Amino acid sequence: VPGIRTRRSRAQALMGLGRWPDAYAAFRDIEVATKRNQAAREVLRGGIDRALVRVMVDKPVEAERIIDGAVANNRSNYGSDHPATVLAEGVRGLVLARFGRDELALPLFRRYVETWGYLLASADPALEESAMLQLRHRAILEGYLALLARRSGKDAAALAEAFRVADALRAGHVQQAVTAA
């Protein structure tokens, strides 16, 4: 399918602009165009961005189906502790929390923060953040923050953790937010 990578880049650019419905439409167009072409469909493998877009446009069933596949693929290909797997689990936490399944989301968010906080604090140049990675981190952390806010009346530790994450997010530094949490 000609121009598939360009179309994916356009969908990701729309994500970066916060134009979630447009990004959803762009990804759907790619999915339809590549439905019968497995080689072209490889451009869409992973699914983290496609799941994230679906969270933002309130498509929980689609989001969960896609992110569950991404988590399973990453675990199979890279192992449970690989940053790509933990990132996919962070998006899965976002999916679960956004649609009311906080108790299942909480351990995924905590694992995400623990793993990515360590990786980002290590200042490994290989983990230099792209704009898309920052967008993913920010969405996950905002979802975690919303979950912590819902728990703050019942859990003093959640309130303290929420303030740390919120302070770092307010400063606009995703790396600081992950490290602070």
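Residues numbered from 1 in each chain as written. Predicted model: local features only at pLDDT ≥ 70, side-chain atom pairs only at ≥ 80, totals over all residues. Heavy atoms only, no water.

**Concerning the overall build of the protein**
To be explicit about the condition: Helical segments are the DSSP runs of H or I of at least four residues, strand segments are the runs of E of at least two, and each set is numbered from the N terminus. Exposed residues in this analysis have more than 50% of their type's maximum accessible area, buried residues have under 20%, and partly exposed residues fall in between, with area computed by a 1.4 Å probe over protein chains only. The contact definition used throughout considers only heavy atoms, calling two residues in contact when any of these lie within 4.5 Å. Only the protein chains shown count as cover for residues, with accessible areas throughout obtained via the Shrake-Rupley method and a probe of 1.4 Å.
A tally of regular secondary structure across the protein gives 10 helices and zero strands. For the protein, with 181 residues in total, the buried portion stands at 45%. The long-range share in the protein, meaning contacts at least 24 apart out of those at least 6 apart in sequence, stands at 58%. For the protein, the exposed surface amounts to about 9,300 Å²; the carbon and sulfur share of it is 51%.

**Concerning helix α1 (residues 4–16)**
For clarity, the cut-off: Between the first and last residue of a helix there are one fewer steps than residues, each counted as 1.5 Å, and that sum is the expected span. Each C-beta atom gives one direction from the helix axis, and the arc is the one those directions make.
Compared with the 18 Å implied by 1.5 Å per residue over 13 residues, the 18 Å span of α1 between its first and last C-alpha is a close match. Buried residues of α1: I4, A11, Q12, L14 and M15, and no others. Buried residues of α1 fall within an arc of 155° about the axis and therefore sit on the same side. In α1, those exposed residues whose orientation departs by more than 90 degrees from the buried face are R5, T6 and G16. Against α2 (20–33), α3 (38–41), α4 (48–56) and α8 (131–151) lie the buried residues of α1. Among the residues trailing α1, G18 stands out with phi positive, at a value near 75°.

**Description of the environment of R28**
Inclusion rule: Throughout this description, a polar contact denotes any pair of N or O atoms lying within 3.5 Å of each other; where both atoms belong to protein, one of them has to be capable of donating a hydrogen while the other can accept it, and for residues adjacent in sequence the pair is counted only when both atoms sit in side chains.
Counting through the fold element by element, R28 comes out in helix α2. The class for R28 is partly exposed, based on a relative accessible area of 34%. Remark: the alpha-carbon pair of R28 and R50, spanning 22 residues in sequence, is separated by 8.8 Å. A polar contact of 2.9 Å, which involves the side chain of R28, links it to the side chain of E31.

**A few points about the pattern of salt bridges**
Using the following cut-off: A pairing counts as a salt bridge when a side-chain nitrogen of Lys or Arg comes within 4 Å of a carboxyl oxygen of Asp or Glu.
Taken as a whole, this structure holds 15 salt bridges when the rule is applied. Ionic pairing is found between D22 and R19, a salt bridge with its closest N-O pair at 2.9 Å. With a closest N to O distance of 2.9 Å, E64 and R101 form a salt bridge. Here E64 is found in helix α5 (residues 60–78), whereas its partner R101 is found in the loop between α6 (83–98) and α7 (102–121), with 37 residues between them in sequence. The exposure class assigned to R101 is partly exposed, which follows from its relative accessible area of 34%. Taken together, the shared-partner salt bridges in this structure form one network comprising R28, E31, R50, R54 and E62.

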